[in-house]
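Descriptive structure summary
Take a look at the letters that make up each chain.
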Amino acid sequence: MKKIACIILAAGKGERMKSDTPKVLHPLCGRPMLEYVFELAKDLKIKKPVTVLGHRHQEVRKSLSPGEKVVIQKRLAGTADAVKCALSALKGFKGTVLVLYADIPLLRKDSIDKLLKYHIENNVDATILTAQLDKPSGYGRILRDKYSSVLGIVEEKDADDFQKDIKEINTGIICFKSESLSEGLKYIRPNNRKKEYYLTDIISILYKKGKLIDSVRISDTDEALGINSRSELAKANALMQKRINEDFMQKGITIVDPDSTFISYGVKIGRNTTIYPFTVIERGVKIGKRCFVGPFAHLREGTELKDDVTLGNFLEVVRSKISSKTIAKHFCYLGDSRIGQNVNIGAGTVTANFDRGKKSITEIKDRANIGSDTIFVAPVKIGKGAITGAGSVVTKHTKVKDWTAVAGVPARVLKKR
């Protein structure tokens, strides 16, 4: 493909979200929606996209990788103004400019590849990614002339009743020849109700100048979902979750009920592992091969399970490493733990890891047997092959030696095995 530059628009307030968090940082399956758009640009092999920030730009910028090209839209005056700001970082560039939006995170690489290929091969001045929706509320409508050529885009807030009945919508994603984009931006005026400079107005401007404008229709309309409200965020989250779960199942992981299984972006799961219903697995969790997790399990960030681990009903695990063939089948909280191989953890076990702002480690070595309702007041160390009796409270700084049994409140040594 010829030279391609990318502009990512991420400056808006997102007022309908009614949130103190910038819209583009709202998580989608455990990952800020902005990151999906950056990943798309990377998959398209576009180096250093230009990101336009505006509302609370300091906060958004902290989430970006070092070295990203960023420009600031000082006054939020619309998408055309944002693109004009971005072009200041693309001085001298000649080629195709792809405009993406940080709040449209569901786009697939194949769809944008198709758009770019069509645009470049047909030498088009502007190519719009469109979609056909039965209920197109909230989207700009594609206007066509009597020859079915694209002549403009009208935003819904500025559309009349006839235009609102149009089913073909603008997804917001447009490719431009760089020269046509720069030229067209000069003629955009704030002639709409909100007194903003709309990038969509450039289409009618280019049409009147005799430039070649075309469109590519996206096959999966869900990809075009823009996120402007909490309800749209929830819908996008469900769609992304479906993708994630399907990808795992294609790789040899059994998910008993995908509709009630919530796995964040960035989780790693080995083959032949089974995930039971109502399980939540957060970003960064690593699960080995042939494991069983759930139902009603919650694996939080920093958790790592080696091969053949079984974590059953109603468990929460966070910042813990659990070695192979260890079992914890019922009602446990395991936080900041380092658990060895072939450990049996009885029902009701709790690691009391939090003490006045400090979180401490519980270490349990290979082949230990932890009795039901054992409480570990971290930091503690449980030796190889050691046993704790049911209902024991192992107080902090306790070190249970290898092959030793302890029981009681506080736990005391009973015998050496």
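Within each chain, residues carry numbers counting from 1 in the order of the written sequence. The predicted origin of the model limits local features to residues at a pLDDT of at least 70 and limits the giving and counting of side-chain atom pairs to 80 or more, whereas totals for whole chains, interfaces and linings rest on all residues. Side-chain calculation: all heavy atoms of the structure are included, whereas hydrogens and water are not.

Looking only at helices and strands, one finds 8 helices and 37 strands in the protein. For the radius of gyration, the atom set is restricted to C-alpha positions; the globular benchmark scales as 2.2 Å times the number of residues to the power 0.38. Taking 2.2 N^0.38 as the reference for a compact globule, 417 residues should give roughly 22 Å; the C-alpha atoms of the protein span a radius of gyration of 28 Å, well beyond that estimate. For the protein, the spread of C-alpha atoms along the principal axes amounts to about 90 × 40 × 40 Å. For the protein, the proportion of its 417 residues judged to be buried stands at 50%. For the protein, the proportion of contacts with a sequence separation of at least 24, taken over those separated by at least 6, is 43%. Exposure was quantified through the Shrake-Rupley algorithm and a 1.4 Å probe, taking into account, for residues, occlusion by the shown protein chains and nothing else. Roughly 20,500 Å² of accessible area belongs to the protein as shown, and the carbon and sulfur atoms make up 50% of that amount. Positive charges come from Lys and Arg alone, negative charges from Asp and Glu alone, with His and the N- and C-terminal ends not counted. Charge positions are represented by NZ for Lys, CZ for Arg, CG for Asp and CD for Glu. Between the centroid of the 73 positive side chains of the protein and the centroid of its 47 negative side chains there is a distance of 7 Å. Each helix corresponds to a stretch of at least 4 residues labelled H or I by DSSP, and each strand to a stretch of at least 2 residues labelled E; elements are numbered beginning at the N terminus. Exposed residues in this analysis have more than 50% of their type's maximum accessible area, buried residues have under 20%, and partly exposed residues fall in between, with area computed by a 1.4 Å probe over protein chains only. In what follows, a contact means two residues having at least one pair of non-hydrogen atoms within 4.5 Å.

Now for the layout of surface pockets. Put simply, the largest pocket is a space of about 1,600 Å³. For cavity detection a 1 Å grid was placed over the protein atoms alone, and a set of points counts as a cavity when a 1.4 Å probe fits there but cannot get out; an open set counts as a pocket when protein lies on both sides within 12 Å along at least five of seven lines, with lining residues being those that have an atom within 4 Å of a point. If you go around the largest pocket, you meet 48 residues; those closest to its centre are Arg 16, Lys 23, Asp 103, Lys 157 and Asn 228. Sorting the residues of the lining of the largest pocket by element identifies β1 (4-10), α3 (79-87), β10 (168-177) and α8 (230-250) as the ones contributing at least two each. Of all the elements, β10 adds the most residues to the lining of the largest pocket, at 4 residues. Gly counts as polar in this scheme, as do all residues outside two lists: the nonpolar Ala, Val, Leu, Ile, Met, Phe, Trp, Tyr, Cys and Pro, and the charged Asp, Glu, Lys and Arg. Across the lining of the largest pocket, the residue classes break down as 17 nonpolar, 16 polar and 15 charged. Estimated volume of the second largest pocket: approximately 620 Å³. Taken together, 23 residues line the second largest pocket, and the ones lying closest to its centre are Glu 39, Met 240, Arg 243, Ile 244 and Tyr 265. Grid points are joined across faces, edges and corners, and a volume is the space filled by probe spheres set on the points.

In an α-helix there are 3.6 residues to a turn, and that puts residues three or four apart on one side. Of the positions making up α3, those classed as buried are Ala 80, Ala 82, Val 83, Ala 86 and Leu 87. Summarising the axial view, the buried residues of α3 lie within an arc of 160°, below the 170-degree limit, and thus occupy one face. Those residues of α3 hidden inside the fold are in contact with β1, β4 (50-53), β5 (69-72), β6 (96-101) and α6 (178-185). This arc is taken over the directions from the axis of the helix to the C-beta atoms.

Time to look at the environment of Gly 335. Relative to the elements of secondary structure, Gly 335 occurs in strand β23 (residues 327-335). Given a relative accessible area of 0%, Gly 335 falls into the buried group. C-alpha of Gly 335 to C-alpha of Lys 62: the two residues are 273 residues apart in sequence and 28 Å apart in space.

Inspection of the secondary structure assignment puts Thr 279 in strand β16 (residues 279-281). Engagement of the side chain of Thr 279 in a polar contact is seen with the backbone oxygen of Tyr 276, the distance being 2.9 Å. In this structure, Thr 279 is in contact with Ser 260, Thr 261, Phe 262, Val 293, Gly 294, Pro 295, Phe 296 and Ala 297, ignoring residues within four places of it in sequence. Within 3.5 Å is the distance limit for a polar contact, defined as a pair of N or O atoms, with the added protein rule that one can donate a hydrogen and the other accept it, and that residues adjacent in sequence qualify only through two side-chain atoms.

Mapped onto the secondary structure, Gly 54 falls in the loop between β4 and α2 (57-62). A relative accessible area of 11% places Gly 54 in the buried class. Ignoring any residue separated from it by four or fewer positions in sequence, one finds Gly 54 in contact with Ala 10, Ala 11, Gln 73 and Leu 76.

This part is about a positive patch on the surface. A cluster of like positive charges, contributed by Arg 16, Lys 18, Lys 157 and Lys 194, occupies part of the molecular surface. A relative accessible area of 49% places Lys 194 in the partly exposed class. Surface patches are defined over residues having more than 30% relative accessible area and no salt bridge, joining like charges when they lie within 9 Å and nonpolar side chains (Val, Leu, Ile, Met, Phe, Trp, Tyr) when within 5 Å. In the sections that follow, a salt bridge refers to a side-chain nitrogen of Lys or Arg positioned within 4 Å of a carboxyl oxygen of Asp or Glu.

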